[in-house]
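Summary of structural features
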Amino acid sequence: MDGAATVVGDVMTRRVVALRTGATFKDIVKTIREWRVSALPVLDDAGRVVGVVSEADMLPKEEYRRSDLDRYGRLQHPADVYKAGAVTAGELMTGPAVTVTPDATLARAAHIMARHGVKRLPVVGHDGVLKGIVSRSDLLKVFLRDDEDIAEEVRREVVEPLFGTHAEALRVEVRDGVVTLSGLVHDTALVPLAALLVRGVEGVVDVQCALTGPASHPDPVPDLPDTRRTSAST
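So, here is what we can say about the structure in this document. (Residues numbered from 1 in each chain as written. Predicted model: local features only at pLDDT ≥ 70, side-chain atom pairs only at ≥ 80, totals over all residues. Heavy atoms only, no water.)

Summing up its helical and strand segments, the chain has eleven helices and eight strands in all. Looking at the chain residue by residue over its 234 residues, the buried ones come to 36%. When contacts within the chain are restricted to residue pairs at least 6 apart in sequence, those whose partners lie at least 24 apart make up 58%. Total accessible area on the chain is roughly 15,300 Å²; 53% of this is exposed by carbon and sulfur atoms. (Helix = DSSP H or I, 4+ residues; strand = E, 2+ residues; numbered from the N terminus. Buried < 20%, exposed > 50% of the residue type's maximum accessible area, 1.4 Å probe, protein only. Contact = heavy atoms within 4.5 Å. Areas by Shrake-Rupley, 256 points an atom, 1.4 Å probe, with all protein chains shown as cover.)

This is how it looks when you write it as structure tokens:
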């Protein structure tokens, strides 16, 4: 890596199966089963993502069978009742789709997933055309980064700029993504900042900071006058 932040476009899956709005219920079920996914993006004729069909969108078909549609169900769950009668992707889908762009950071994608409670996001260009899919597991790929690669970036991007000529005296060790900084620094005020910056390097799991300042020497105790009594000469 060259120190540039990893973005969604770096980790997304580019081969994506998608549906047209006119896809039938049975076609959707077959596609979900064949590709072993729980949700599929739905595209318009221009290839733009207009929604997503998930297994949750399809379950009302089973849950709200006509014989089970009592008055309470019709009043309290009208959207589910509607989907129970839906037969195409355009009718079943949840829209507008929650999407992310290829240049979004992984943190941004993770925030969107958490906020909307989804496991994957369609990745779209600024024109709305589907470019790929990013999943939770894709966002975790950054933690597969080599320890040596992480150590090199920590030294180049954090230690050397922060500590300058004193950087050579500091040690950067990485094991299973855990970074350990050790050595003597001349300005201990920079230690919390160093730990914070290292934690922001992609692939870092944790930071152990063992940086110490110069040894402090207690002020010498001034000579005190001798108050002991001396015996008089005889």
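With respect to the helices, strands and loops of the structure, Asp-44 is situated in the loop between strand S2 (39–43) and strand S3 (49–54). Of the polar contacts made by the side chain of Asp-44, one reaches the backbone nitrogen of Ala-46; its length is 2.9 Å. In terms of polar contacts, Asp-44 uses its side chain to reach the backbone amide nitrogen of Arg-48, at 2.9 Å. Setting aside anything within four residues of it in sequence, one finds Asp-44 in contact with Arg-20 and Val-50. (Polar contact = N/O pair within 3.5 Å; in protein donor to acceptor, adjacent residues only side chain to side chain.)

So, on to the pattern of salt bridges. If you walk through the whole model with that rule in mind, you get eight salt bridges. Residue Lys-141 is joined to Asp-138 by a salt bridge in which the shortest nitrogen-to-oxygen separation is 3.2 Å. On the accessibility criterion, Asp-138 (5% relative accessible area) is buried. (Salt bridge = Lys/Arg side-chain N within 4 Å of Asp/Glu carboxyl O.)

Mapping Val-172 onto the fold places it in strand S6 (residues 171–175). In this structure, the C-alpha to C-alpha distance between Val-172 and Val-159, residues 13 residues apart in sequence, is 8.6 Å. Apart from the residues within four sequence positions on either side, Val-172 is in contact with Ala-151, Val-154, Arg-155, Val-159, Val-179, Thr-180 and Leu-181.

This part is about the nonpolar core. Ranked by internal contacts, the top residues of the largest apolar core, which has 22 residues, are Val-154, Val-159, Phe-163, Val-179, Leu-181 and Leu-211. Among the elements that make up this core, the one with the highest residue count is helix H10 (residues 147–163) (seven residues). Those residues in contact with Phe-163 that lie beyond four places of it in its chain are Leu-170, Val-185, Leu-190, Ala-194 and Leu-211. Counting 14 residues, the second largest nonpolar core, distinct from the first, contains Met-12, Ala-104, Val-123 and Val-142. (Core = buried A, V, L, I, M, F, W, Y, C linked by side-chain atoms within 4.5 Å.)

All right, on to the sheet that holds S6 then. Across the sheet, which stays open at both edges, the three strands sit in the order S6-S7-S8 with mixed pairing between neighbours. With one partner strand each, in any of the chains shown, S6 and strand S8 (206–212) form the two edges of the open sheet. Across the sheet, the mean angle separating the axes of adjacent strands is 10° when strand polarity is ignored. Across the sheet, H10 touches S6, strand S7 (178–184) and S8, and the angle it forms with S6 is around 150°. The strands that helix H11 (residues 191–199) touches are S7 and S8; relative to S8, the one it contacts most, it runs at about 155°. (Pairing = 2+ DSSP bridges. Axes fitted to C-alpha atoms, helices over the stretch in contact; angles between N-to-C directions.)

Before going further, it helps to spend a moment on the pairing of strand S4 (residues 120–124). Across the five residues of S4, four count as buried, placing the element largely inside the fold. When S4 meets strand S5 (residues 130–135), the two strands line up antiparallel, connected through five bridges. Paired with Leu-121 across the strands is Val-134, a residue of S5. From the end of S4 to the start of S5, which pair antiparallel, there are five residues, and Gly-128 there has a positive phi angle of about 85°.

Cis rather than trans, the peptide bond between Gly-95 and Pro-96 has omega equal to 0°. Looking at the element boundaries, Pro-96 is found in the loop between helix H7 (89–92) and helix H8 (106–116). Non-glycine residue Arg-36 carries a positive phi angle of around 55°. One can find Arg-36 in the loop between helix H2 (25–35) and S2.

Taken N-terminus to C-terminus, the directions of H10 and H11 make an angle of 160°; their axes are 10 Å apart at the nearest point. When the interaxial angle is binned, H10 and H11 end up roughly antiparallel. When you trace H10 past H11, the crossing you get is right-handed. Of the residues in H11, those in contact with Val-154, Val-158, Leu-162 and Phe-163 of H10 are Leu-193, Ala-194, Leu-197 and Val-198. (Parallel < 35°, antiparallel > 145°, perpendicular 65-115°, else oblique. Left-handed = near helix turned anticlockwise from the far one by under 90°.)

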